[in-house]
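A closer look at the structure
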Amino acid sequence: MAHSTDSHDSISRRIFIISLIGGGAALVCAPVTKLAADFLRPIAPHGETANRLYAGRVAEFEIGRVTHIPAGRLYLSRTEDGLLALRQKCTHLGCAAQWNEATQTFQCRCHGSEFDRVGEVLAGPAPRPLDVLPITIENEEVWIAATQPIERAAFDPAQLTRIDDVAQSESINP
Ligand code: FES
């Protein structure tokens, strides 16, 4: 009988020690995991929300470059005249269009639609250009209203957010 109690105590002790180690490991790992997640996330100034996505500083977007912003499922296209935020969602049936550096076009593999750097349809069944997203520039920081897509029938230069001597806020006018 005494043997059974010893055995029970021993098992309880083992469970206690394992729980202690497990709890300790969780306590040590949680902050490390959070640190790793914080490190991997792009650095954004305060004020970022789901509909106010920080894309970077104006100077990061060189003329002629198309930059993917995966967090917003969008691309930022910098032309000589300004910035255009383009929704990645193809206007045919909603697949994700991808920028192809070699052809300098957005291509949708689902049914072959193709768009130019300002989102105009070049080929395929897509019925209209890629949607644009409102851009705001504050203190040379580019912010995008990623959940407010704007449909358009065609590209118009007025859709660009101009960035010459930007100091104050500026938004596109669809
Ligand atoms: Fe893009 Fe059909 S969904 S071409």
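Residues numbered from 1 in each chain as written. Predicted model: local features only at pLDDT ≥ 70, side-chain atom pairs only at ≥ 80, totals over all residues. Heavy atoms only, no water.

1. Let's talk about the sheet that holds strand S6 (residues 105-107)
Defined as follows: By this definition, two strands are paired if DSSP reports at least two bridges between them. Put simply, DSSP H or I for four residues or longer makes a helix, DSSP E for two residues or longer makes a strand, and each gets a number counted from the N terminus.
With antiparallel pairing, the four strands of this open sheet are ordered in space as S5-S6-S7-S8. Bordering the open sheet on either side are strand S5 (98-100) and strand S8 (121-123), each of which pairs with just one other strand.

2. Considerations on the packing of aromatic side chains
Think of a pair of aromatic rings as described by two things: how far the centres are apart, and how the planes are tilted against each other in angle. Note the following rule: Pairing of aromatic rings covers Phe, Tyr and Trp, the last through its six-membered ring, and needs centres within 6.5 Å; plane angles under 30 degrees mean stacked, over 60 mean edge-to-face, and all others mean tilted. Exposure categories follow from relative accessible area, calculated using a 1.4 Å probe and restricted to protein chains: below 20% of the type maximum is buried, above 50% is exposed, and the middle band is partly exposed.
Evaluated as defined, the whole model comprises three aromatic pairs. Measuring from ring centre to ring centre gives 5.0 Å for Tyr75 and Phe106, while their planes differ by 65°; the resulting arrangement is edge-to-face. Of the two residues, Tyr75 is situated in strand S3 (residues 74-79) and Phe106 in strand S6; the sequence distance between them amounts to 31 residues. Here Tyr75 matches Phe106 in class, with each residue buried. What links up through ring pairs into an aromatic cluster is the set Tyr75, Trp99 and Phe106.

3. A closer look at the state of the cysteines
Heads up, the condition is: Working definition: a disulfide is two cysteine sulfur atoms within 2.5 Å of each other.
Under the definition given, this model contains one disulfide. Disulfide pairing places Cys95 opposite Cys110 at an S-S distance of 1.9 Å. One disulfide, between Cys95 and Cys110, carries an S-S torsion of -95° and so falls in the left-handed class. Pair noted here: Cys95 is in the loop between strand S4 (82-87) and S5 and Cys110 is in the loop between S6 and strand S7 (114-115), with a separation of 15 residues, a long-range link. The exposure class of Cys95 is partly exposed, given its relative accessible area of 22%.

4. What about the pairing of S3?
Most of S3 sits inside the fold, with six of its six residues counted as buried. Residues Leu74, Leu76 and Arg78 point to one face of S3 and Tyr75, Ser77 and Thr79 to the other, with burial holding for every one of them. Here four bridges tie strand S2 (residues 66-69) to S3, and the two strands are oriented antiparallel to one another. In the sheet register, His68 faces S3, and the bridge partner there is Tyr75. Hairpin connection between S2 and S3: a loop of four residues separates the two successive antiparallel strands, and Arg73 in this loop has a positive phi of roughly 50°. The sheet contact formed by S3 and S4 spans six bridges and is antiparallel. Pairing of Ser77 across the sheet is with Leu84, part of S4. Linking S3 back to S4 in an antiparallel pair, the connection comprises two residues.

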